[in-house]
Each structure stands twice: as structure tokens, then as C-alpha cells.
Amino acid sequence: MNKKGILIVISGFSGAGKGTIVKGLMSRYSNYALSISATTRNPREGEREGMEYFFRSREEFLKMIEENQLIEYAEYVGNFYGTPKEYVDSQLEQGKDVILEIEIQGALKVREKFPDTLLLFVTPPGMDELKARLEGRGTEDCKTIECRLKRAILEAEGIEQYDYLVINDVLDECIARTHHIIQGEHCRVSRNISNIEKIREELKRF
Ligand code: 5GP
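The paragraphs below set out a description of the structure included in this document. Worth saying up front: this structure is predicted, and the values here are computed from it rather than measured.

Next up on the list: the site of the ligand. Around the ligand, 16 residues are found, and the nearest of them are S37, R41, Y53, Y81 and E103. The contact in question runs from an oxygen atom of the ligand to an N or O atom on the side chain of T83, over 3.3 Å. The protein chains hide 95% of the 510 Å² of surface that the ligand would expose on its own. Listing elements by their share of the shell around the ligand, those giving two or more residues are β5 (70-76) and β6 (79-84). Classifying every residue of the shell around the ligand gives 5 nonpolar, 4 polar and 7 charged.

Structure below.
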């Protein structure tokens, strides 16, 4: 068994259902830890400090950058979002598979720093559905919805940089599929070098 957990990035268009998939993974399976990001955007109704995000002022966020507390950060539709380093490092060390639910610029920065990061991109089955989901969510005004759809056009250009495309059609099946992809990754030869060395060592006894 490889001891250290896998660092997993889940990206996808705003409204694709990433958050719901991640919640499903967390509640059904025990080996996941979810990184909570810091952001300068205002909390939506029902969002609580330290649960969905650490809500920070722009000054506080800039200080986190300066003090090297973030693995990555990016600006998205006028606000900063970033991943605090300490929690991610400690959970990976404890063998947890750590999920970062972040957008594409951040995803690519994480991969640059940690090349064995697993990158998953979530999309609804069709783009009309994406618009309907964003409108149905009712947490954003028209301008923000429009901005998020424009942003989706840009993000779609980067999908080939990801390892897997996860189509969020039937939610339950999608959660199970995502879990199986991650489980499969644990068996990848390049993630099992110390196991392979151990096998070779043990074989020398014969
Ligand atoms: P929302 O405002 O809908 O919560 O998030 C907007 C976008 O920012 C989403 O695509 C979300 O995945 C992304 N995001 C959330 N946290 C982070 C982070 O720490 N870093 C980066 N780069 N993106 C993030």
C-alpha cells in the first residue's frame, strides 16, 4: 500500500454540480479530506465561516499570499480564491485523499507544483442544463450568471489538461464513478514505486 494520500483537484463550470459530488464523496466514503479555501467573495445565504470558505478581506488575503500560506490562488469573476497549505499537507501525510474544489488556473498551478495531482473536470450532460442550473440556484444575479457562463467558455478551452472528464448526469452514479476513478489511481504503477521495490526485495530471498 502507498501511504501518502492522493491530491485531487475537482474543477468544472460554475453550476456543474462539483460541490454536490464532493459532498457525496465525503459522506459515502471515509478516506477523503476536503480542503476549505479562503476567498474574498461575500458569503452566500447559508454559508458559514470555516465551513464552505474562510471569508477574508482583500488585505487579509494579500497577507496570506505574502506569508506563503497558500498552495495556489487565483482571481475568479472579481474575487480571490486560494488553498491554504497547512491542512492539505497534514491530511496527505495522514494518508487521506485530499480534494481541492478549485477553478482551472489554480488547478494548473497545483499540477505544476505537484505533478502527480489527479485532475478531474466535471460537466453537466448539456450546456442548456448548465444555464438552467445556474438560474435555478437563485444565489446569483443575472450579471453574475452571465459572467459565470462567459467564464465557462474560457474554461472549456482547458479541459484537455485534465486527466478525466466526469459527466454529471445521474448524481448517484456520478459520485460512484468519481470514487472509482480515484481508487483506480491508487493502483497506478507510478504511485506504487516503494511497493514495487519491496516486492523485488522480497523476491531476492528465493
Ligand atoms: P464560488 O464562488 O461558486 O464558490 O466559486 C467560484 C469558483 O472558484 C469555483 O470554480 C470554485 O471551484 C473556485 N474555487 C474555490 N476555491 C478555490 C481556491 O482555493 N482556489 C482556486 N483557484 N479556485 C477556487
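Strand order in the open sheet made by the 4 strands is β4-β3-β6-β5, with mixed pairing throughout. Here the strands that pair on one side only, and so sit at the sheet edges, are β4 (53-55) and β5. Looking at each pair of strands side by side, their axes are set apart by 25° on average, direction ignored. Strands in contact with helix α2 (residues 58-66) are β3 (37-39), β5 and β6; relative to β5, the strand with the most contacts, it is inclined by about 140°.

So, about the pairing of β5. In terms of burial, β5 is a largely internal element, 5 of the 7 residues being buried. Where β5 and β6 come together, 6 bridges link them in antiparallel fashion. Pairing of Y76 across the sheet is with N79, part of β6. The turn joining β5 and β6, which pair antiparallel and follow one another in sequence, is formed by 2 residues; a positive phi near 45° is taken by V77.

Where helix α5 (residues 127-137) contacts helix α6 (residues 142-156), the two axes come as close as 10 Å, and the packing angle between them is 150°. As judged from the angle between their axes, α5 and α6 are roughly antiparallel. Along this stretch, α5 crosses α6, giving a crossing that reads as right-handed. In this structure, α5 uses L130, K131, L134, E135 and R137 to contact α6, whose residues at the interface are I145, R148, L149 and A152. Of the residues in the contact of α5 with α6, the class split is 5 nonpolar, no polar and 4 charged.

Once that is clear, we can look at helix α3 (residues 85-93). The set of residues buried in α3 consists of V88, Q91 and L92. Angularly, the buried residues of α3 cover 100° about the axis, an arc narrow enough to put them on a single face. Exposed and oriented more than 90 degrees from the buried face of α3 are E86 and E93. Contact partners of the buried residues in α3: β1 (7-12), β2 (32-34), β5, β6 and β7 (97-101). G95 occupies a position one or two residues after α3 and carries a positive phi of about 90°.

Another point: the environment of F54. Among the secondary structure elements, F54 is positioned in strand β4. Looking at F54, the relative accessible area reads 27%, which means it is partly exposed. Considering only alpha carbons, one finds F54 and I153, 99 residues apart in sequence, at a separation of 28 Å. Beyond its immediate sequence surroundings of up to four residues, F54 is in contact with I36, S37, A38, T39, E49 and P84.

Moving on, we come to the pairing of β6. Taken across its 6 residues, β6 has 6 buried, putting it largely inside the fold. Both faces of β6 are covered, namely the face carrying N79, Y81 and T83 and the face carrying F80, G82 and P84. With 2 bridges connecting them, β3 and β6 associate as antiparallel partners. Bridging from a neighbouring strand, A38 pairs with G82 of β6.

Cut-offs applied
Residues numbered from 1 in each chain as written. Predicted model: local features only at pLDDT ≥ 70, side-chain atom pairs only at ≥ 80, totals over all residues. Heavy atoms only, no water. Near = heavy atom within 4 Å. Polar contact = N/O pair within 3.5 Å; in protein donor to acceptor, adjacent residues only side chain to side chain. Areas by Shrake-Rupley, 256 points an atom, 1.4 Å probe, with all protein chains shown as cover. Helix = DSSP H or I, 4+ residues; strand = E, 2+ residues; numbered from the N terminus. Nonpolar A, V, L, I, M, F, W, Y, C, P; charged D, E, K, R; others polar. Pairing = 2+ DSSP bridges. Axes fitted to C-alpha atoms, helices over the stretch in contact; angles between N-to-C directions. Contact = heavy atoms within 4.5 Å. Buried < 20%, exposed > 50% of the residue type's maximum accessible area, 1.4 Å probe, protein only. Parallel < 35°, antiparallel > 145°, perpendicular 65-115°, else oblique. Left-handed = near helix turned anticlockwise from the far one by under 90°. Arc of directions from axis to C-beta.

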